[in-house]
Amino acid sequence: MQSEEYMREAIRLSIENVEAGKGGPFGCVIVKDGRIIARGANEVTSSNDPTAHAEVVAIRKACKVLGSFQLDDCEIYCSCEPCPMCLGAIYWARPKAIYYASTKGDAAAIDFDDQFIYEEIERPIEDRKLFTQQLLRTEALAAFEKWKASTRKVEY
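Residues numbered from 1 in each chain as written. Predicted model: local features only at pLDDT ≥ 70, side-chain atom pairs only at ≥ 80, totals over all residues. Heavy atoms only, no water.

## Regarding the pattern of salt bridges
And then number 1: Applying the stated criterion to the full structure yields seven salt bridges.
And then number 2: Put simply, Arg-39 and Glu-9 hold a salt bridge, and the shortest N to O gap is 2.7 Å. Of the two residues, Arg-39 is situated in strand 2 (residues 35-41) and Glu-9 in helix 1 (residues 3-20); the sequence distance between them amounts to 30 residues.
And then number 3: Note on Arg-39: relative accessible area 37%, which makes it partly exposed. (Salt bridge = Lys/Arg side-chain N within 4 Å of Asp/Glu carboxyl O. Helix = DSSP H or I, 4+ residues; strand = E, 2+ residues; numbered from the N terminus. Buried < 20%, exposed > 50% of the residue type's maximum accessible area, 1.4 Å probe, protein only.)

## Topic: the side chain of Ser-14
And then number 1: Residue placement: Ser-14 occurs in helix 1.
And then number 2: You can call Ser-14 buried: its relative accessible area is 7%.
And then number 3: A polar atom in the side chain of Ser-14 sits 2.6 Å from the backbone oxygen of Ile-11.
And then number 4: Ignoring any residue separated from it by four or fewer positions in sequence, one finds Ser-14 in contact with Pro-25, Phe-26, Gly-27 and Ser-79. (Polar contact = N/O pair within 3.5 Å; in protein donor to acceptor, adjacent residues only side chain to side chain. Contact = heavy atoms within 4.5 Å.)

## Regarding the nonpolar core
And then number 1: Cys-28, Ile-30, Ile-37, Ile-59, Ala-62, Leu-71 and Ile-76 are the most contacted members of the largest nonpolar core, which totals 18 residues.
And then number 2: Counting only elements with at least two residues in this core, the list comes to strand 1 (27-32), strand 2, helix 3 (54-66), strand 3 (74-80) and helix 4 (84-93).
And then number 3: In terms of residues, this core owes the most to one element, helix 3, which gives five residues.
And then number 4: Among all residues touching Cys-28, those that are not within four sequence positions of it are Ala-10, Leu-13, Ala-38, Arg-39, Gly-40, Ala-54, Glu-55, Ala-58, Ile-76, Tyr-77 and Cys-78.
And then number 5: Counting residues in hydrophobic clusters, the runner-up holds eight residues, among them Tyr-6, Met-7, Ala-10 and Tyr-77. (Core = buried A, V, L, I, M, F, W, Y, C linked by side-chain atoms within 4.5 Å.)

## Some details on the sheet that holds strand 4 (residues 97-102)
Within a sheet, adjacent strands bond to each other through the backbone by hydrogen bonds, running parallel or antiparallel.
And then number 1: Pairing within the open sheet is mixed, and its four strands lie in the order 2-1-3-4. In the strand order of this sheet, the two ends are held by strand 2 and strand 4, each with one partner. Neighbouring strand axes in the sheet, compared pairwise and without regard to direction, differ in orientation by 15° on average.
And then number 2: Pairing of strand 1 with strand 3, which is carried by five bridges, proceeds in the antiparallel orientation. The residue of strand 3 that forms the bridge with Val-31 is Glu-75. (Pairing = 2+ DSSP bridges. Axes fitted to C-alpha atoms, helices over the stretch in contact; angles between N-to-C directions.)

## Points about the packing of aromatic side chains
And then number 1: Across all of its chains, the model carries six aromatic pairs by this definition.
And then number 2: Seen in terms of ring centroids, Trp-147 and Tyr-156 are 6.5 Å apart; in terms of plane orientation they differ by 75°. Their pairing is edge-to-face.
And then number 3: A network of ring pairs unites the aromatic residues Phe-69, Trp-92, Trp-147 and Tyr-156 as a single cluster.
And then number 4: We note Lys-104 situated over the ring of Tyr-118; from NZ or CZ to the ring centre the distance is 4.3 Å. (Phe/Tyr/Trp six-rings, centres within 6.5 Å; stacked < 30°, edge-to-face > 60°. Lys NZ or Arg CZ within 6 Å of the ring centre and 35° of its normal.)

## Quick look at the pairing of strand 4
And then number 1: The pairing of strand 3 with strand 4 spans five bridges and is parallel. Residue pairing in the sheet places Ile-76 in a bridge with Ile-98 of strand 4.
And then number 2: For the crossover that starts at strand 3, traverses helix 4 and ends in the parallel strand 4, the hand is right-handed. (Right-handed = clockwise from strand over helix to strand, strands pointing away.)

## Some points on a nonpolar patch on the surface
And then number 1: On the surface, a cluster of nonpolar side chains totalling about 620 Å² of accessible area is made up of Phe-69, Trp-92, Trp-147, Val-154 and Tyr-156.
And then number 2: Considering the arrangement of structural elements, one finds Phe-69 in the loop between helix 3 and strand 3. (Patch = residues over 30% accessible without salt bridge, like charges linked within 9 Å, V, L, I, M, F, W, Y side chains within 5 Å. Areas by Shrake-Rupley, 256 points an atom, 1.4 Å probe, with all protein chains shown as cover.)

Structure follows, in C-alpha coordinates:
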(Lines give C-alpha, C1' and ligand atoms only; values in the text may rest on other atoms or scores of the structure.)
Protein backbone atom coordinates (compact mmCIF):
# COMPACT_ATOMS: atom_id res chain seq x y z
CA MET A 1 0.00 0.00 0.00
CA GLN A 2 0.99 3.61 -0.53
CA SER A 3 0.52 6.60 1.78
CA GLU A 4 -2.63 7.65 -0.08
CA GLU A 5 -4.20 4.23 0.48
CA TYR A 6 -3.52 4.39 4.22
CA MET A 7 -5.10 7.84 4.31
CA ARG A 8 -8.08 6.60 2.33
CA GLU A 9 -8.56 3.91 4.99
CA ALA A 10 -8.51 6.54 7.76
CA ILE A 11 -11.04 8.59 5.81
CA ARG A 12 -13.19 5.49 5.18
CA LEU A 13 -13.22 4.82 8.93
CA SER A 14 -14.32 8.40 9.62
CA ILE A 15 -17.21 8.16 7.15
CA GLU A 16 -18.24 4.70 8.37
CA ASN A 17 -18.22 6.00 11.95
CA VAL A 18 -20.65 8.80 11.12
CA GLU A 19 -22.93 6.45 9.19
CA ALA A 20 -22.96 3.99 12.12
CA GLY A 21 -23.63 6.76 14.65
CA LYS A 22 -20.74 5.63 16.84
CA GLY A 23 -19.03 9.00 17.25
CA GLY A 24 -17.48 11.95 15.52
CA PRO A 25 -16.20 12.02 11.93
CA PHE A 26 -12.64 10.95 12.68
CA GLY A 27 -10.60 7.89 11.70
CA CYS A 28 -7.00 6.82 12.14
CA VAL A 29 -4.71 4.02 11.04
CA ILE A 30 -1.26 3.13 12.27
CA VAL A 31 1.22 1.56 9.88
CA LYS A 32 4.44 -0.31 10.54
CA ASP A 33 6.65 -1.96 7.94
CA GLY A 34 4.14 -1.31 5.18
CA ARG A 35 1.08 -2.81 6.86
CA ILE A 36 -1.75 -1.46 8.95
CA ILE A 37 -1.35 -2.70 12.52
CA ALA A 38 -4.23 -0.75 14.10
CA ARG A 39 -7.37 1.16 13.18
CA GLY A 40 -9.36 3.58 15.28
CA ALA A 41 -12.47 5.68 14.95
CA ASN A 42 -13.90 8.24 17.34
CA GLU A 43 -15.82 6.49 20.13
CA VAL A 44 -16.42 9.44 22.47
CA THR A 45 -20.22 9.31 22.49
CA SER A 46 -20.64 5.55 22.13
CA SER A 47 -18.22 4.76 24.97
CA ASN A 48 -18.86 7.83 27.15
CA ASP A 49 -15.10 8.39 27.13
CA PRO A 50 -13.92 11.91 26.24
CA THR A 51 -10.44 10.52 25.49
CA ALA A 52 -11.69 7.96 22.94
CA HIS A 53 -10.62 9.98 19.92
CA ALA A 54 -9.68 8.00 16.81
CA GLU A 55 -5.96 8.56 17.33
CA VAL A 56 -6.02 7.48 20.98
CA VAL A 57 -8.10 4.40 20.15
CA ALA A 58 -5.65 3.46 17.39
CA ILE A 59 -2.59 4.12 19.57
CA ARG A 60 -3.95 1.87 22.32
CA LYS A 61 -4.60 -0.93 19.82
CA ALA A 62 -1.21 -0.55 18.12
CA CYS A 63 0.64 -0.65 21.42
CA LYS A 64 -1.13 -3.88 22.32
CA VAL A 65 -0.20 -5.37 18.95
CA LEU A 66 3.44 -4.35 19.36
CA GLY A 67 3.65 -5.17 23.07
CA SER A 68 5.22 -1.76 23.60
CA PHE A 69 4.29 1.68 24.92
CA GLN A 70 6.06 3.28 21.97
CA LEU A 71 5.31 3.25 18.27
CA ASP A 72 8.88 3.16 17.00
CA ASP A 73 9.10 3.25 13.20
CA CYS A 74 5.32 3.64 12.85
CA GLU A 75 3.38 6.12 10.76
CA ILE A 76 0.03 7.55 11.86
CA TYR A 77 -2.60 8.51 9.30
CA CYS A 78 -5.39 10.72 10.65
CA SER A 79 -8.49 11.76 8.75
CA CYS A 80 -8.12 15.18 10.41
CA GLU A 81 -5.28 17.19 11.93
CA PRO A 82 -4.96 15.92 15.52
CA CYS A 83 -6.46 17.90 18.40
CA PRO A 84 -4.17 19.00 21.27
CA MET A 85 -4.87 15.85 23.32
CA CYS A 86 -4.20 13.53 20.41
CA LEU A 87 -1.13 15.42 19.33
CA GLY A 88 0.24 15.05 22.87
CA ALA A 89 -0.54 11.31 22.84
CA ILE A 90 1.11 10.95 19.45
CA TYR A 91 4.27 12.68 20.64
CA TRP A 92 4.37 10.43 23.73
CA ALA A 93 3.97 7.37 21.49
CA ARG A 94 6.97 8.51 19.40
CA PRO A 95 6.03 7.44 15.87
CA LYS A 96 8.27 8.46 13.00
CA ALA A 97 5.60 10.45 11.12
CA ILE A 98 2.05 11.81 11.20
CA TYR A 99 -0.07 12.42 8.10
CA TYR A 100 -3.46 14.12 8.15
CA ALA A 101 -6.21 14.98 5.66
CA SER A 102 -8.61 17.71 6.87
CA THR A 103 -7.33 20.61 8.95
CA LYS A 104 -8.25 21.85 12.40
CA GLY A 105 -9.93 24.74 10.56
CA ASP A 106 -12.09 22.27 8.65
CA ALA A 107 -13.04 20.64 11.97
CA ALA A 108 -13.84 24.02 13.53
CA ALA A 109 -16.19 24.74 10.64
CA ILE A 110 -18.39 21.82 11.80
CA ASP A 111 -18.15 22.77 15.50
CA PHE A 112 -15.14 20.67 16.49
CA ASP A 113 -13.14 23.74 17.50
CA ASP A 114 -10.13 23.19 19.76
CA GLN A 115 -8.77 26.72 19.47
CA PHE A 116 -9.84 27.50 23.03
CA ILE A 117 -7.57 24.70 24.30
CA TYR A 118 -4.57 26.08 22.42
CA GLU A 119 -5.33 29.50 23.93
CA GLU A 120 -5.81 28.12 27.45
CA ILE A 121 -2.46 26.29 27.35
CA GLU A 122 -0.74 29.61 26.65
CA ARG A 123 -2.38 31.41 29.59
CA PRO A 124 -0.84 31.55 33.07
CA ILE A 125 -2.57 28.99 35.31
CA GLU A 126 -4.29 31.68 37.36
CA ASP A 127 -5.87 33.14 34.19
CA ARG A 128 -7.33 29.90 32.84
CA LYS A 129 -11.08 29.40 32.64
CA LEU A 130 -10.94 26.08 34.51
CA PHE A 131 -10.15 26.69 38.18
CA THR A 132 -6.76 25.16 38.93
CA GLN A 133 -4.95 25.07 42.27
CA GLN A 134 -1.81 23.30 43.38
CA LEU A 135 -2.07 21.16 46.53
CA LEU A 136 0.38 19.02 48.53
CA ARG A 137 3.40 19.41 46.23
CA THR A 138 5.89 18.33 48.90
CA GLU A 139 3.98 15.12 49.60
CA ALA A 140 3.65 14.39 45.88
CA LEU A 141 7.40 14.80 45.34
CA ALA A 142 7.91 11.60 47.38
CA ALA A 143 6.77 9.58 44.35
CA PHE A 144 9.30 11.41 42.15
CA GLU A 145 12.11 10.71 44.59
CA LYS A 146 11.16 7.03 44.67
CA TRP A 147 11.11 6.97 40.84
CA LYS A 148 14.50 8.65 40.66
CA ALA A 149 16.02 6.06 43.03
CA SER A 150 14.18 3.02 41.69
CA THR A 151 16.10 0.17 40.08
CA ARG A 152 12.82 -1.31 38.78
CA LYS A 153 11.70 1.58 36.57
CA VAL A 154 11.29 1.32 32.83
CA GLU A 155 12.43 4.62 31.36
CA TYR A 156 10.42 6.24 28.61
